[in-house]
Amino acid sequence: MQVLAVTPEIYPLIKTGGLADVTGALPIALARQGIATKTLVPGFPQVLAAVAPSVPLLSYPDLHGGKASVFAAKASGLDLLILDAPHLFERAGGPYGDASGMDWPDNWRRFAALGFVGADIAEGAIPAFVPDLVHVHDWQAALTLAYMRYGKAADTPSVITVHNLAFQGRFGAGIFAELGLPVAAMSLDGVEYYGGVGYLKAGLQAAWAITTVSPTYAVEIGTPEFGMGLDGLIAQRAEDLTGIVNGIDVDIWDPETDGQLKATYSAKTLKARAANRKAVEERFGLVHDGSPLFCVVSRLTWQKGLDVMAGVLDELVASGMRLAVLGSGDAALEGALLAAAARHSGRVGVVIGYDEGLSHLMQGGCDAILIPSRFEPCGLTQLYGLRYGCVPIVARTGGLADTVIDANEAALAAGVATGFQFEPESGHALVHAVKRAIAAHEAPKAWATIQRQGMKADLSWDRSAAKYADLYRSLVARRTA
Ligand SMILES: Nc1ncnc2c1ncn2[C@@H]1O[C@H](COP(=O)(O)OP(=O)(O)O[C@H]2O[C@H](CO)[C@@H](O)[C@H](O)[C@H]2O)[C@@H](O)[C@H]1O
């Protein structure tokens, strides 16, 4: 089976969040299931710098205001189709905005172009690669499915994966005329969304199947509390919706071989983590006093609930822990965390920025990782934590609820606990969970059992990829039936 994936981000070429980890790892795991994927990605500067250009397979004299082409490339074991459109994608800054974080005003045009080209390929524009199925990720790729549905490849099976319902790609009605879709598409069951145009909405409406990245989030997004305005549509499509938990790249994230660690280790040599802990303490300016060392590695946004944590930080420090925070995002939150670090010098350390290597070292050296998200479609950092013996302390929501087994009395007695869960959005509940973790940490043998139990979990992509492969096969069978 041949699959066309369409995504704005793919690890290791371009990444702003967990979406890239998924689109970078899934094709490789799917190949082991006999499924060949080619991934269409925008030619951002970071992408073009990582690949060798080749003869264009497709050319556009005028794609939304400039010349564009698609060429094939290979990188990190991935088969890529790169949409080279300098007027749309070759800009300094991030993939969605300028260096100051302001969204590009023409994002609607940039990702309409991506979708338009995706649908052309679905329709057979590259004769040597006519996909059996198209799989798009998030709002930036979602319009592919609207272009397919309204003419180009209406009977090619399709899947949309929602990595985060908070990002919807909502634009004014004025753009519709420039999308090149038929007038009929500007309707309630088309791309129209609260009077404007909704890219994610259009994709959810057009997709043959919808997936999201955990079973609990799949249920949550059908409710007004988590549905972000799309719950009605999601509930309507409940029969076509599945939750498939993300895997992680267990080769990149392997404490036995990880080159970013000061000392590698296994479940049998947990003591070796001490060298990593010391390196973290030094990097974050923390005292070396043997007290529990917790960490946060996160985008600093409302979703992640770190404002709730910042609100109880004094209590957390008073309970005896030290905290190392790596993250960037919301300026007010960055400020609050830096202020806490100044207030609790030696006990709280903050590094503002994005540092992949340091995130590995933290997982390899800290005792626990705090993830107080308000909502979390899947979450990857708790999975890295499990694999590295960095015990996750998580809000009971979405994929966090599905992947961490709370260390309650029964789970501890049965030896199956892998972390700690607490009620989301409650500073009080977070403090309580941290205190439970600190108490557990005081019994080194029991703590090591929790660590080892997490390290035993099968977090590889193979299990999840098998579920995607089953879904793909069932959709392709439906087409031919
Ligand atoms: N400052 C920093 N330095 C270094 N590394 C950093 C970092 N900040 C974050 N990261 C890394 O970025 C990734 C974040 O992944 P998450 O799944 O936690 O969240 P995200 O919300 O981006 O993804 C969305 O998509 C993914 C994929 O489906 C879902 O798991 C998730 O719930 C959903 O919100 C991890 O690999 C993490 O280590």
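Per chain, residue numbering runs from 1 following the sequence as it is written. Whole-chain, interface and lining totals are the exception, using all residues; otherwise, since this is a predicted model, local features are given only for residues with pLDDT of at least 70 and side-chain atom pairs are given and counted only at 80 or more. Side-chain numbers come from the whole structure's heavy atoms, not from hydrogens or water.

Participant: Whenever I open this one, the domain arrangement of the chain confuses me. Can you help?
Facilitator: For interface size, the figure often reported is the accessible area lost on association. Domain annotation for the chain reports domain 1 (2-247 + 461-480) and domain 2 (270-455). For the domains described, the bounds stem from an automatic or database domain assignment. Taking only C-alpha atoms into account, the centre of domain 1 sits 33 Å from that of domain 2. The contact definition used throughout considers only heavy atoms, calling two residues in contact when any of these lie within 4.5 Å. At the junction of the two partners, domain 1 supplies 20 residues and domain 2 supplies 18 residues. Summed over both sides, the interface between domain 1 and domain 2 buries roughly 1300 Å², with carbon and sulfur atoms accounting for 59% of that surface. Counted as salt bridges are all cases of a side-chain nitrogen of Lys or Arg within 4 Å of a carboxyl oxygen of Asp or Glu. On the surface where domain 1 and domain 2 come into contact, there are 1 salt bridge. The salt bridge partner of Glu-356 is Lys-15, with a shortest N-O separation of 3.7 Å. Buried surface area refers to the total accessible area, computed with a probe of radius 1.4 Å, that the two partners give up upon joining, counted for both partners together.

Participant: I would appreciate a short explanation of the confidence of the model for the chain in the present structure.
Facilitator: Per-residue confidence for the chain averages 97 on the pLDDT scale, and 100% of its residues sit at or above 70. Interface confidence for the predicted complex, given as ipTM, is 0.98, next to a pTM of 0.94. A score between 0 and 100, pLDDT records how confident the predictor is in each residue.

Participant: Hey, could you run me through the UniProt feature "domain: Starch synthase catalytic" (unreviewed entry) in the chain in this one?
Facilitator: Sequence positions flagged by UniProt for "domain: Starch synthase catalytic" (unreviewed entry) are, in local numbering, residues 2-235. Secondary structure counts use DSSP, requiring at least four H or I residues in a row for a helix and at least two E residues in a row for a strand, with both numbered from the N terminus. Here residues 2-235 is 34% helix and 22% strand, with 30 Å between the C-alpha atoms at its ends. UniProt positions are given in the numbering used here, feature names are shortened, and annotations may be inferred rather than shown by experiment.

Participant: Just to check I follow, could you spell out the packing of aromatic side chains for this structure?
Facilitator: Geometrically, a pair of aromatic rings is defined through the distance of the ring centres and the angle of the planes. Between 30 and 60 degrees the pair is tilted, below 30 it is stacked and above 60 it is edge-to-face, where a pair is any two Phe, Tyr or Trp rings, Trp via its six-membered ring, whose centres lie within 6.5 Å. Scanning all chains against the criterion turns up 14 aromatic pairs. Geometrically, the ring pair formed by Phe-420 and Trp-447 is stacked, given 6.2 Å between the ring centres and 20 degrees between the ring planes. Of the two residues, Phe-420 sits in strand S18 (residues 420-422) while Trp-447 sits in helix H19 (residues 444-456), which places them 27 residues apart along the sequence. The criterion is that NZ of a Lys, or CZ of an Arg, lies within 6 Å of the ring centre and within 35 degrees of the ring normal, and then a charge sits over that ring. Positioned over the ring face of Trp-104 is Arg-91, at 5.0 Å from the centre of the ring. For the cation-ring pair, Lys-152 lies above Tyr-147, with the distance from its terminal atom to the ring centre recorded as 5.5 Å.

Participant: What's the story with the UniProt feature "binding site: ADP-alpha-D-glucose" (unreviewed entry) in the chain in this structure? I'm lost.
Facilitator: Per the UniProt record, "binding site: ADP-alpha-D-glucose" (unreviewed entry) is annotated on Lys-15. Examined against the element boundaries, Lys-15 turns out to sit in the loop between strand S1 (2-6) and helix H1 (18-31). With a relative accessible area of 23%, Lys-15 lands in the partly exposed category. In this structure, Lys-15 is in contact with Glu-9, Ala-20, Asp-21, Tyr-354 and Glu-356, ignoring residues within four places of it in sequence. A polar side-chain atom of Lys-15 sits 2.9 Å from a polar atom in the side chain of Asp-21. Relative accessible area decides the class of each residue, using a 1.4 Å probe on protein chains only: under 20% of the type maximum gives buried, over 50% gives exposed, and in between gives partly exposed. Nitrogen and oxygen atoms within 3.5 Å of one another constitute a polar contact, given that in protein one can donate a hydrogen and the other can accept it, and given that sequence-neighbouring residues count only through two side-chain atoms.

Participant: How should the nonpolar core be read in this particular structure?
Facilitator: One finds Leu-40, Leu-83, Ile-121, Ile-160, Leu-179, Tyr-199 and Leu-204 to be the most contacted residues of the largest nonpolar core, which totals 76 residues. At 9 residues, helix H4 (residues 107-123) tops the list of elements feeding residues into this core. Among all residues touching Leu-40, those that are not within four sequence positions of it are Leu-4, Ala-5, Val-6, Thr-7, Leu-81, Leu-83, Leu-114, Val-117, Gly-118 and Ile-121. Remark: nonpolar core denotes a set of buried residues (Ala, Val, Leu, Ile, Met, Phe, Trp, Tyr, Cys) joined through side-chain atoms within 4.5 Å. Formed by 39 residues, the second largest nonpolar core is a distinct cluster that contains Val-312, Leu-333, Ala-368 and Ile-450.

Participant: I keep staring at the pairing of strand S15 (residues 348-352) and nothing clicks. Help me out?
Facilitator: Looking along a regular strand, one sees the side chains alternate between the two faces of the sheet. For S15, a buried count of 4 out of 5 residues is recorded, marking the element as mostly surrounded by other parts of the structure. We call a crossover right-handed when, viewed with the strands running away from us, the connection from the first strand over the helix to the second turns clockwise. In this fold, the crossover linking strand S14 (residues 322-329) to S15 by way of helix H13 (residues 331-343) has right-handed handedness.

Participant: Teacher, can you tell me more about the sheet that holds strand S16 (residues 368-371) here?
Facilitator: Paired through backbone hydrogen bonds, the strands of a sheet run either parallel or antiparallel to each other. A pair of strands is considered paired only if DSSP assigns at least 2 bridges between the two. The strand order across the open sheet formed by 6 strands is S15-S14-S13-S16-S17-S18, and the pairing between neighbours is parallel. In the strand order of this sheet, the two ends are held by S15 and S18, each with one partner. Across this sheet, the average inter-strand angle for adjacent strands is 20 degrees, counted without regard to direction. Pairing analysis gives 3 bridges linking strand S17 (residues 391-395) to S18, with the strands arranged parallel. Opposite Val-394, over in S18, you have Gln-421 as the bridge partner. Every angle, taken between N-to-C directions, lies between 0 and 180 degrees, and every axis is a line fitted to C-alpha atoms, over only the stretch in contact when it is a helix.

Participant: What is the right way to read the packing of helix H10 (residues 273-283) against helix H14 (residues 356-365) from this model?
Facilitator: At a closest axis distance of 7 Å, the pairing of H10 and H14 adopts a crossing angle of 125 degrees. Taken together, the axes of H10 and H14 are oblique relative to one another. The interaxial crossing formed by H10 with H14 has left-handed handedness. From H10, Arg-273, Asn-276, Arg-277, Ala-279, Val-280 and Arg-283 reach across to H14, where they touch Leu-358, Leu-361, Met-362, Gln-363, Gly-364 and Gly-365. In the scheme used here, Gly and all other residues not listed as nonpolar or charged are polar, with Ala, Val, Leu, Ile, Met, Phe, Trp, Tyr, Cys and Pro taken as nonpolar and Asp, Glu, Lys and Arg as charged. For the contact of H10 with H14, a count of residues per class yields 5 nonpolar, 4 polar and 3 charged. To sort the angles, those under 35 degrees are grouped as roughly parallel, those over 145 as roughly antiparallel, those from 65 to 115 as roughly perpendicular, and the leftovers as oblique. By definition, turning the near helix anticlockwise from the far helix through less than a right angle yields a left-handed crossing, and turning it clockwise yields a right-handed one.

Participant: What exactly am I supposed to notice about the environment of Leu-316 here?
Facilitator: Within the fold, Leu-316 resides in helix H12 (residues 313-318). Residue classification places Leu-316 among the buried residues on the basis of a relative accessible area of 0%. Leu-316 sits 277 residues away from Thr-39 along the chain, and the two C-alpha atoms are 44 Å apart. Setting aside residues no more than four positions away along its own chain, Leu-316 makes contact with Met-309, Met-321, Leu-430, Val-431 and Val-434.

Participant: Help me understand H14 in this model?
Facilitator: In an α-helix, one turn spans 3.6 residues; hence positions three or four apart end up facing the same way. Burial within H14 is extensive, with 9 of its 10 residues counted as buried. Among the structural elements, H10, strand S13 (293-300), S14, S15, S16 and helix H15 (381-388) are those in contact with the buried residues of H14. You can read the cap of H14 off the contacts: a side-chain oxygen lies 3.2 Å from the backbone nitrogen of Gly-357, and it is on Asp-355.

Participant: Looking at this structure, how should I read the packing of H4 against helix H5 (residues 138-152)?
Facilitator: In the contact formed by H4 and H5, the axes pass within 7 Å of each other and the chain directions differ by 50 degrees. Between H4 and H5, the crossing angle belongs to the class labelled oblique. Handedness of the H4/H5 crossing: right-handed. On the side of H4, the interface is formed by Asn-107, Phe-111, Ala-112, Leu-114, Gly-115, Phe-116, Gly-118, Ala-119, Asp-120, Ala-122 and Glu-123, while H5 contributes Trp-139, Gln-140, Ala-141, Leu-143, Thr-144, Tyr-147, Met-148, Gly-151 and Lys-152.

Participant: How should I be thinking about the site of the ligand in this particular structure?
Facilitator: Nearness here has a simple test: a residue counts as near a molecule or strand if at least one of its heavy atoms is within 4 Å of that partner. Around the ligand lies a shell of 29 residues, among which His-163, Arg-299, Gly-353, Glu-376 and Gly-379 are the nearest. At 2.9 Å from an oxygen atom of the ligand is found a side-chain nitrogen or oxygen belonging to Lys-304. Between an oxygen atom of the ligand and a main-chain N or O atom of Cys-378, the distance comes to 2.9 Å. In short, Shrake-Rupley with a 1.4 Å probe defines the accessible areas, and a residue's cover is counted only from the protein chains shown. Here the ligand loses 96% of its free accessible area of 710 Å² to cover by the protein chains. Residue contributions to the shell around the ligand peak at 4 residues, all from H1. Among the residues making up the shell around the ligand, the classes are represented as 10 nonpolar, 12 polar and 7 charged.

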